[in-house]
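# Overview (structure and organization)
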Amino acid sequence: GGLADVPDSTRHAVADELFSRWRVAIERHGGAVDKFFGEMAMAVFGAPVARGDDATRALRAALDLRRDLEALCAEKVLALQFRAGVNAGEVMYGRVGGDRPTVMGDAVNGAQRLQEAARPGEVLASAEVARAAAGAQAFAKREPLRVRGRAEPVETLEVLGPRDVRTAVSPKEAPLIGRE
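Notes on the structure follow. Please read all numbers here as calculations on a predicted model, not as lab measurements.

### Topic: the overall build of the chain
In terms of regular secondary structure, the chain is built from four helices and nine strands. Reading the secondary structure of the chain in the N-to-C direction produces β-α-β-β-α-β-β-β-α-β-α-β-β. In the chain, buried positions account for 41% of the 180 residues. For the chain, the exposed surface amounts to about 10500 Å²; the carbon and sulfur share of it is 52%.

### Remarks on the pattern of salt bridges
The final tally for this structure, using the stated rule, is 13 salt bridges. Among the salt bridges present, the one from R51 reaches D54, with a minimum N-O distance of 2.7 Å. With its nearest N and O atoms 3.0 Å apart, the salt bridge here joins R119 to E122. By relative accessible area, R119 is classed as partly exposed at 46%. Three or more residues joined by partner-sharing salt bridges are found here, namely E17, R21, E75 and K76.

### Quick look at the side chain of D64
Residue placement: D64 occurs in helix α2 (residues 54-76). Among the polar contacts made by the side chain of D64, one reaches the side chain of R67 at a distance of 3.0 Å. Each residue touching D64, except ones within four places of it in the same chain, is listed here: A25, R28 and H29.

### Observations concerning the packing of aromatic side chains
Per the stated rule, a full pass over the model turns up three aromatic pairs. Centre to centre, the rings of F19 and W22 are 5.8 Å apart; their planes meet at 50°, and the pair counts as tilted. Of this pair, F19 and W22 both sit in helix α1 (residues 12-28), three residues apart, which is roughly one turn of that helix. Looking at F19, the relative accessible area reads 10%, which means it is buried.

### Observations regarding the pairing of strand β3 (residues 40-44)
Extensive coverage of β3 is indicated by the burial of five of its five residues. Every second residue of β3 is oriented toward a common face, with M40, M42 and V44 on one face and A41 and A43 on the other, all of them buried. Relative to β3, strand β2 (residues 32-37) runs antiparallel, the two being bridged by five bridges. Paired with V33 across the bridge in β3 is A43.

### Structural notes on unusual backbone geometry
In the Ramachandran plot, V77 falls in the positive-phi region, its phi being about 55° despite a non-glycine side chain. With respect to the helices and strands, V77 occurs in the loop between α2 and β4 (83-86). A residue is classified by how much of its surface remains accessible, and V77, at 73% relative accessible area, is exposed.

### As for the environment of E27
When you line up the elements, E27 lands in helix α1. Its relative accessible area of 46% is what places E27 among the partly exposed residues. Separated by 18 residues in sequence, E27 and F45 have C-alpha atoms that sit 9.5 Å apart.

### Section: the nonpolar core
If you look at the biggest cluster of nonpolar residues, it comprises 30 residues, and the most contacted ones within it are W22, L59, L69, F82, V86 and V123. Every element with two or more residues in this core is listed here: α1, β3, α2, β4, β7 (123-126) and α4 (127-133). In terms of residue count, α2 provides more of this core than any other element does, 10 residues in total. L114, A118, V147 and V154 belong to the second-largest nonpolar core, a separate cluster that totals six residues.

Conventions used here
- Chains are numbered independently. Their residues run from 1 in the order of the written sequence.
- For this predicted model, a pLDDT threshold of at least 70 governs which residues receive local features, and a threshold of 80 or more governs which side-chain atom pairs are given and counted, while totals over whole chains, interfaces and linings are taken from all residues.
- Note: side-chain values were computed over all heavy atoms of the structure, leaving out hydrogens and water.
- Secondary structure elements follow DSSP: runs of H or I of four or more residues count as helices, runs of E of two or more count as strands, with numbering from the N terminus.
- Any residue under 20% of the maximum accessible area for its type is buried, any over 50% is exposed, and the rest in between are partly exposed; the area is computed with a 1.4 Å probe on protein chains only.
- Method for areas: the Shrake-Rupley scheme with a 1.4 Å probe, in which residue coverage is limited to the protein chains shown.
- Put simply, a salt bridge is a Lys or Arg side-chain nitrogen that is within 4 Å of an Asp or Glu carboxyl oxygen.
- Under this definition, polar contacts are N or O atom pairs within 3.5 Å; protein pairs additionally need one hydrogen-donor-capable and one acceptor-capable atom, and for neighbouring residues in sequence, both atoms have to be side-chain atoms.
- We call two residues contacting when some pair of their heavy atoms lies within 4.5 Å.
- Within 6.5 Å between ring centres, the rings of Phe, Tyr and Trp (the latter by its six-membered ring) count as paired, and their orientation is classed by plane angle as stacked under 30 degrees, edge-to-face over 60, tilted in between.
- Two strands qualify as a pair provided that DSSP identifies no fewer than 2 bridges between them.
- Remark: nonpolar core denotes a set of buried residues (Ala, Val, Leu, Ile, Met, Phe, Trp, Tyr, Cys) joined through side-chain atoms within 4.5 Å.

Shown next, in the form of structure tokens:
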């Protein structure tokens, strides 16, 4: 899952247009919008059905969300900031109070902490996401993140963008295909 934040976007028309673009980008990469709330969006990849490349899909979507915001700012002459956090882990997936399905749990909280720690324009990923997407994305290590409730700091990486596919994956790193 991941969280993206657009501070100071108080105009509803701009937010509606942005969230519409973001929904398209998230769904194009195989994710689902869990919710839009305030000035934030939360997307889920791998729930209820997981795929072997969900981490890569989530990171590609996050980078597209940043690009979509930059494009909208250029069109509308706005100065909005983007920050995103992408985390992985087990979640509880189900309905809360009869609403549509949603995800909850430590993975969601971790994504929010990453998003809060990101500098404007950054996409931060957890070490688990970075390991899963290392063949497709390039990363730079960031200062470990101290998270309330955890004894050890959380390894944090900045997403730099897609790797050169010609050199990205060695045969030993290639994902398994056809597994249950």
